[in-house]
Amino acid sequence: MSQSGDRIVSIDLDGASMGPGDVNADHERRVAIADLLEGNRFRPDGDADGPFALRLAIEHDRLVFDVRQENNTPVHGFVFALGPLRRIIKDYFLICESYYEAVRDAPLERIEAIDMARRGVHNEGSTLLRERLTGKIEVDFDTARRLFTLICALHRRAAS
């Protein structure tokens, strides 16, 4: 198989997992989807050829990756406990809230410091996600970052 097929060409966030979100979170979600579709590395273990369609959902407090070929042929479904990601997701939400508040009226130095911390927490979540996917789905770091953003969007709304 050529490496060009090792990618996601469509992504669906489960509507049942989605609820009302805030403007900033919705913007981050839209940007993450656009960036993800523009460039990603995604290869489920096994012999299925891509490109792939991915559906993400939170069902019964578990994260669901429903992987299909572009033509909707099922490839594999993966279910992960949210527990290992829960702390980092909570930290990410808290620091994002601080960032959005700071952007309104804080000095530039404070905004930059919070943004650096936010990126650090995001990177930590992305690394943890890659570790959780090991042996199931191979992703590069940038793909893991964008998927982590989408998982946070689902988690935020599922918790609402």
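The sections below set out a description of the structure shown in this document. (Residues numbered from 1 in each chain as written. Predicted model: local features only at pLDDT ≥ 70, side-chain atom pairs only at ≥ 80, totals over all residues. Heavy atoms only, no water.)

1. Things to note about the overall build of the protein
What counts, and what does not: The helix count covers DSSP runs of H or I at least four residues long, the strand count covers runs of E at least two residues long, and both are numbered beginning at the N terminus. Only protein chains enter the accessibility calculation, which uses a 1.4 Å probe. A residue is then buried if its area is under 20% of the maximum for its type, exposed if over 50%, and partly exposed in between. Note on contacts: a residue pair qualifies if any of its non-hydrogen atoms lie within 4.5 Å across the two residues. Each accessible area is a Shrake-Rupley estimate made with a 1.4 Å probe; only the visible protein chains count as cover when residues are assessed. All tallies of charge rest on Lys and Arg as positive and Asp and Glu as negative; His and the ends of each chain are not included. Throughout, a charge is located at the NZ atom of Lys, the CZ atom of Arg, the CG atom of Asp or the CD atom of Glu.
For the protein, the count of helices and strands is four helices and six strands. Secondary structure elements of the protein occur, N-terminal to C-terminal, as β-α-β-β-β-β-α-α-β-α. Each of the three principal axes of the protein carries a C-alpha extent, and together these read 50 × 30 × 25 Å. In the protein, which comprises 160 residues, the proportion classed as buried is 44%. Here the contacts in the protein between residues at least 6 apart in sequence split such that 62% fall between residues at least 24 apart. Put simply, the protein shows about 8400 Å² of open surface, and 48% of that area lies on carbon and sulfur atoms. The average position of the 22 basic charges and that of the 27 acidic charges among the side chains of the protein differ by 3 Å.

2. Overview of the side chain of S126
So the rule is basically this: Here a polar contact is recorded for every N or O atom pair within 3.5 Å, except that within protein the pair must consist of a potential hydrogen donor and a potential acceptor, and residues adjacent in sequence are included only if both atoms are side-chain atoms.
Relative to the helices and strands, S126 is located in helix α3 (residues 108–133). Engagement of the side chain of S126 in a polar contact is seen with the backbone oxygen of H122, the distance being 2.8 Å. Here S126 is in contact with F141, A144, R145 and F148, once residues within four sequence places are set aside.

3. Topic: the nonpolar core
Selection rule: Here the nonpolar core consists of buried residues drawn from Ala, Val, Leu, Ile, Met, Phe, Trp, Tyr and Cys, with membership extended through side-chain atoms lying within 4.5 Å.
Of all hydrophobic cores here, the largest spans 42 residues; its most connected members are I11, L54, L56, F65 and L147. When residues in this core are grouped by element, the largest group, 10 residues, is from helix α2 (residues 83–105).

4. Here we look at unusual backbone geometry
Between G50 and the following residue, P51, the backbone shows a cis peptide bond with an omega angle of 10°. Relative to the assigned elements, P51 resides in the loop between β2 (42–44) and β3 (52–59). Here the phi dihedral of H60 falls at roughly 50°; this positive angle occurs in a residue that is not glycine. Its place among the elements puts H60 in the loop between β3 and β4 (62–69). Taking the relative accessible area as the measure of exposure, H60 reaches 79% and is therefore exposed. Of note, the phi angle at D61 is positive, near 60°, even though the residue is not glycine. Tracing the backbone shows D61 in the loop between β3 and β4.

Any link to function would need more than the numbers given here.
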